[in-house]
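Read off the chains here:
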Amino acid sequence: MAVRKIVTYPAEILEQECETVTVFDKKLAKLLDDMYETMIEFDGVGLAAPQIDIKKQIAIVDIDDEHGTIEMINPVVLETSGEQTGPEGCLSFPGLYGEVTRPNQVKVRAQNRKGKTFEIEAEEFLARAILHEIDHLHGVLFTTKVSKYMEEADLEELNQE
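Residues numbered from 1 in each chain as written. Predicted model: local features only at pLDDT ≥ 70, side-chain atom pairs only at ≥ 80, totals over all residues. Heavy atoms only, no water.

Novice: Give a detailed account of unusual backbone geometry, specifying residues and quantitative values.
Specialist: Residue proline 10 is bonded to the preceding tyrosine 9 through a cis peptide linkage, with omega at 15°. The residue proline 10 is located in the segment before helix H1 (26-41) in this model. Non-glycine residue aspartate 64 carries a positive phi angle of around 65°. Counting through the fold element by element, aspartate 64 comes out in the loop between strand S2 (58-61) and strand S3 (70-81). (Helix = DSSP H or I, 4+ residues; strand = E, 2+ residues; numbered from the N terminus.)

So, in structure tokens, the structure goes:
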């Protein structure tokens, strides 16, 4: 496994539609392992392939809960409901945080590293993380959804509440 370099804004790949994954092989498994290592190294809760300069529909999320690491290949949002507003950051925008409103619940269909289709339902923070990463696969950046930018100090206050 290897830690990959994070692509930061304004890299073009971050605003491009990613390609569908059609080959499920050892190379894909290694890429997913590298993405996990990279996400952990940079203290993230999710990572999308374009963030490491790969234009494919691959994203991982791990918010350190009972779901463990969720690998989503070619994910499609099936349903959303409710609404939540909260702080978000992004490894491609180091030091930048903002308040973003997203659905509170989401249902997604995706494929795993072997190509098997699965569905996952999530709510609250996990839903937020999943939707943030899926946005990356369509070239949508969280900065386009920010209602108010926040300083790191604002975040620390929220974490202490």
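Novice: Mind laying out the nonpolar core, listing which residues take part and the relevant values?
Specialist: Formed by 19 residues in total, the largest nonpolar core has its most connected members in Val61, Met72, Val108, Leu126 and Ile130. Of all the secondary structure elements, the ones that give two or more residues to this core are S2, S3, strand S6 (105-111), strand S7 (117-123) and helix H2 (124-137). Ranked by residue count, the leading element in this core is H2, at 7 residues. Discounting residues that sit within four places of it in the chain, isoleucine 130 has contacts with Val61, Ile70, Met72, Val108 and Ala122. (Core = buried A, V, L, I, M, F, W, Y, C linked by side-chain atoms within 4.5 Å. Buried < 20%, exposed > 50% of the residue type's maximum accessible area, 1.4 Å probe, protein only. Contact = heavy atoms within 4.5 Å.)

Novice: Tell me about the pairing of strand S5 (residues 97-102), and name the residues and values.
Specialist: Sheet analysis places strand S4 (residues 84-89) next to S5, joined by 6 bridges and oriented antiparallel. Bridging across to S5, glycine 89 finds its partner in tyrosine 97. (Pairing = 2+ DSSP bridges.)

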